[in-house]
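Working through the structure, step by step
Residue strings, one per chain:
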Amino acid sequence: MRRLQQSLTKKDEALEQRNREIKQMRIQRRKFADNHDYNEARTRELLIDVMLLEAGWDPAEHSVREYKISGMPNKTGTGYVDYVLWNDNGKPLALVEAKRTTRSYDEGLHQAKLYADSLQREFDVRPVIFVSNGYEIWIWDDEQYPPRKILGFYTKDSLQTLFFHRKERRTLKLAKVNKNITDRYYQIAAIRRVGERFEEGHRRALLVMATGTGKTRTAISLTDVLLKNKWVKRALFLADRNALVRQAYKNFAVHLPDVPIVNLVEEKNDIAARIVFSTYPTILNQIENLEEGKRKFDPGYFDLVIIDEAHRSVYNKYQAIFDYFDSLLLGLTATPKEDVDRDTYELFDSEQGNPTYAYGLDEAVADGNLVPPKKVRVEGNLLTHGVTYSELSEEEKKVYDNLIKDTDLESGPGYVDPQKINAFLFNEDTVEKVLMQLMEYGIKVEGGDRLGDTIIFAKNQRHAKFIRETFDKIYPAYAGKFAQVIHNEVEYAQDLIEDFCYPKKMPVIAISVDMMDTGIDAPDCVNLVFFKPVRSKAKFNQMIGRGTRLRPDLFGPGKHKKHFLVFDYCGNFEFFEENPEGYETSAGASITARIFEKRLELTSKLTNEPFNQIEDLQAYREELLNVLHQQVSNLNEQSIQVRPHLKLVHRLKERVVWEHLQSNERSEIVRKLAQIIPPNLDEDERTRRYDLLMLNLQHEVLDGVLEKSNLKENAISIAEQLYHKKHIPAVENVLPYIQQSISESFWKSPDPVNLDEIRANLRGLMHLVDAKDKTIAFTDFEDTLSLPDFEITGTNEPVINKDRYLRKIRSFIKEHKNHLVIEKIRNAKPLTDDDIKGLEKFLMESDPDISPEEFYEIVGKDLKLVEFVRCVSGLEREAVVKEFDQFLQDNQLSSIQIQFIEQMIEFYTEKGHLKVANLYEPPFNFIDEDGVEGAFANKTKVIELLVEKVRKLNKIKVS
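In short, a report on the structure. Owing to the predicted nature of the structure, the values given are computational and were not obtained by experimental measurement. (Residues numbered from 1 in each chain as written. Predicted model: local features only at pLDDT ≥ 70, side-chain atom pairs only at ≥ 80, totals over all residues. Heavy atoms only, no water.)

A look at the pairing of strand 3 (residues 92-98)
The buried fraction of strand 3 is high, at seven of seven residues. Across four bridges, the pairing between strand 2 (residues 78-86) and strand 3 is antiparallel. Looking at the pairing, Tyr83 lines up with Val96 of strand 3. Between the end of strand 2 and the start of strand 3, which pair antiparallel, lie five residues, with Gly90 showing a positive phi angle near 80°. Of the strand pairs in this sheet, strand 3 and strand 4 (residues 128-132) are connected by five bridges, and their pairing is parallel. Looking at strand 4, one finds that Val96 is bridged to Phe130. Crossover strand 3 to strand 4 through helix 3 (residues 109-123) is right-handed. (Buried < 20%, exposed > 50% of the residue type's maximum accessible area, 1.4 Å probe, protein only. Helix = DSSP H or I, 4+ residues; strand = E, 2+ residues; numbered from the N terminus. Pairing = 2+ DSSP bridges. Right-handed = clockwise from strand over helix to strand, strands pointing away.)

Some remarks on the packing of helix 35 (residues 895-911) against helix 38 (residues 940-954)
The N-to-C vectors of helix 35 and helix 38 enclose an angle of 15°; their axes lie 13 Å apart at closest approach. Put simply, helix 35 runs roughly parallel to helix 38. For the element pair helix 35 and helix 38, the recorded crossing hand is right-handed. Here Ile901, Met904 and Tyr908 of helix 35 lie close against helix 38, whose contacting residues are Leu946, Val950, Leu953 and Asn954. (Axes fitted to C-alpha atoms, helices over the stretch in contact; angles between N-to-C directions. Parallel < 35°, antiparallel > 145°, perpendicular 65-115°, else oblique. Left-handed = near helix turned anticlockwise from the far one by under 90°. Contact = heavy atoms within 4.5 Å.)

Re the packing of helix 19 (residues 591-605) against helix 20 (residues 615-633)
Interhelical geometry of helix 19 versus helix 20 gives an angle of 140° and a closest axis separation of 9 Å. Our classification of the angle between helix 19 and helix 20 gives oblique. Judged by the sense of rotation from one axis to the other, the crossing of helix 19 with helix 20 is left-handed. Contact residues: helix 19 offers Phe596, Arg599, Leu600, Leu602 and Thr603, while helix 20 offers Tyr620, Arg621, Leu624, Leu625, Val627, Leu628, Gln631 and Val632. The residue makeup of the contact of helix 19 with helix 20, split by class, is nine nonpolar, two polar and two charged. (Nonpolar A, V, L, I, M, F, W, Y, C, P; charged D, E, K, R; others polar.)

Topic: helix 22 (residues 663-673)
When helix 22 is considered as a whole, its buried residues turn out to be Glu665, Arg666, Ile669 and Leu673. Around the axis of helix 22, the buried residues are gathered within 100° of arc, so they sit on the same side. Away from its buried face, by an angle of more than 90 degrees, helix 22 presents the exposed residues Asn664 and Arg671. Check the buried side of helix 22 and you find it contacts helix 19, helix 20 and helix 21 (646-652). (Arc of directions from axis to C-beta.)

Details of the side chain of Asn527
As for its placement among the helices and strands, Asn527 is situated in strand 25 (residues 525-530). The class of Asn527 is buried, set by a relative accessible area of 0%. Here Ile443 takes part through its backbone nitrogen, which lies 2.9 Å from a polar atom of the side chain of Asn527. Once residues lying within four places of it in the same chain are set aside, the contact partners of Asn527 are Leu438, Gly442, Ile443, Leu451, Gly452, Asp453, Thr454, Ile455, Leu565 and Phe567. (Polar contact = N/O pair within 3.5 Å; in protein donor to acceptor, adjacent residues only side chain to side chain.)

A look at empty space enclosed by the protein
Throughout the structure, instances matching the rule amount to seven cavities of 30 Å³ or more. Reported here for the largest cavity is a volume of approximately 230 Å³. For the largest cavity, the lining is made up of 19 residues, of which Tyr154, Leu162, His165, Arg203 and Asp303 are closest to its centre. No other element matches the five residues that helix 4 (residues 156-168) contributes to the lining of the largest cavity. The class makeup of the residues in the lining of the largest cavity is six nonpolar, six polar and seven charged. In this structure, the second largest cavity encloses a volume near 100 Å³. (1 Å grid on protein atoms, 1.4 Å probe; cavity = no way out; pocket = protein on both sides within 12 Å on 5 of 7 lines; lining within 4 Å. Points joined across faces, edges and corners; volume = space filled by probe spheres on them.)

Structural notes on the sheet that holds strand 5 (residues 137-140)
Judged by pairing direction, the sheet is mixed, and its six strands sit side by side in the order 1-2-3-4-5-6 without closing on themselves. A strand with exactly one partner marks an edge of an open sheet, and here the two such strands are strand 1 (65-70) and strand 6 (148-150). The sheet shows a mean angle of 40° between the axes of neighbouring strands, direction not considered. Taken together, the three bridges between strand 5 and strand 6 define a ladder with antiparallel strand orientation. The partner of Trp138 across the bridge, within strand 6, is Lys149. Sheet strands touched by helix 3: strand 1, strand 2, strand 3, strand 4 and strand 5. Its angle to strand 3, the strand with the most contacts, is close to 150°. Across the face of the sheet, helix 4 comes into contact with strand 2, strand 3 and strand 4 while running at roughly 115° to strand 3.

Right under this line is the structure:
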């Protein structure tokens, strides 16, 4: 017993010593290959050990290290696996093959496979393969996927889950879809296609579905399928705003009531939760937070990650999250597939313009699953042309002279650019007239007594507040409840959003600043007001999508929402007509990243002549390099944002490396590291902005362009403001530097070193400087608005080019598609003899120049006439979908088969008639070269049912 206790004590001491070494790893200075003292093996070992500890493995355990195996193709037949990660039953879950830090992972793949073969022979289980050189980790689950790069090791629990899925998961091709969650054909098709893609070995999929078509429901239904078929144990749903996270959480709770879920934004993580909901910053903080050296979430924790509204701004900023979680990845976006950017397609391993599945607005409107917008164009004098002094009344000119003249508001003498209207100049008459037009021409509910739910997209928070105050002024009877401002600084904004989305609750008008542009589910919304210009096409489409959702019985029993109005006061429709692609803006680098980049560039310029001959400048260069070196050295090596660049970080920890950086090396440093340098959040943001200003001035001095720059005026203005506060002790202490910064003689030939001295002494006083803001003006200039110009938007009907009469009669039929008989034909409803005679007379009278004989010869008579009309008008898509809906629900179909049915629906919608022979011809043989026989191979009964369906739908019913 005593011997056993001694053994355990020694083991504990060894473990403690090992852990101490690992914890000290980050403060050790490593020597690199050109130094004989460099211990490459030790570096690799420490790096791998730290990552194993993060995943809960104890690298100090003897059982984990160097397991001897047999059956290797060498002289001795033996080998030593660097690490084996064991299950509690004594079976190997995984092995780790460690390669030199200077070698690539793929050099160890075959060796690791041989080790896995040997372990499989010994234990009758195939372990997962990890290969790492300390800087990179690659996982190879070679029974399912090729090797892929990850940012950490799996925990024991995650490996056990992986083994469970290996054994238990079932095919997704004909997996049952819960029709209580998703019952529309395109939703089922999307689920099938994603399932097939995952079964093909792909790990990422992208769904492009118009707003209101049920993206979230589709994701819920797909998650349900993956859970039930043992592909997924845990899922993560990510959105970029709390409101969207909360909305998704509620939807999942309703449709998957038996699945434990948790919202990380509002609750602590519940380890029993199967589906986790979070914003990007919240989950990133959870990943980065280590408790006793371990991570809360390992790379294998989630089997599925769902990204809501996947777009560039999200993954540019939070790419590390998607790199970290080694899961199936599903992207959801409402952006039309032709407008989705290239980088998004790359993120989801999809070809440009070819998402996993797409269902667009026009298609959804044609199917009756969304309602179309009706454009309402309004031109306002001030909003379009700005304020021109000469056009004002005498009284208005006095206001202009007092408030606007000689201020930053003026774009030129006597002129204010329209871009400044609603940004810095708020004109009451303009807002009043817009609101009055909305109240008069907007869609009404409750028998026309109340304006329908409305979103006004305001330019900024001041503008939103001004709109609300103006509304309350002209409509005081509503007691301040009818219109409310919703933006991210409003207390309990989420509560306001929920009230707006709930039928018959106040507010009726939501004045939004960004918060309701995307993702909000408000079916009652029938009016959108664009009171600001939008230049991003993707964002514009998302904003339009706020009105597209169906709302049955909105106007009374059986009186459904048919369309919604889009009041455009800022020329957005005209802009996108002239600029179809719009202008996409990407998020710029942070202030800290730009400071880092400017300092690095400055060190390069100071190596040029004649600066490299000036002792003070070279000393300053050394100071800059010391700062840069320290910033990189202080990076947290266990951060998942740093880990992909760890090899570069370790190299840059050697101070000497910074002395001789080449241009390409500096570019790499900026590209990989600048954005992850943490800012000092204890400082005022204005302090960092001042640092950046002074760095830019230093560059202008070295480039010889200071005289042409306006930046020095900013620096002088800041110094002048501080000078006026010289009675404050902190300011008085640095008064010589302030006076120097004001002096004209100083700016004739400033020195970069002097500029930095000024920066260093004044930066801490930026909180005393009044933020320079453009003047805000509230005016009441008389404005004029044009009468609303209404225009229906939607899909274009096909135009058939034949001879003159045929063109004319076809056009006439389309123009009168709502004629009682033509509408019955389009909806495949039975016709009476009187219907056919009435139709004949109606069409003949459209052109008195044609004789009955000519009419019958060209168009046809009786049923042939009906066939002609049907071919011209096509069938109503909704009617055709209804015909095939039960067929789709009754038969378990693959995505290819659903695509075939969709093509049949398209054919009927366009041409009104389909022959059985067509099912073997284009466009059907584009789906499968053998047409219906190929698409429905080995499903003879299904083909017979389809042929029967075609014949039934072709038949014109006469009662």
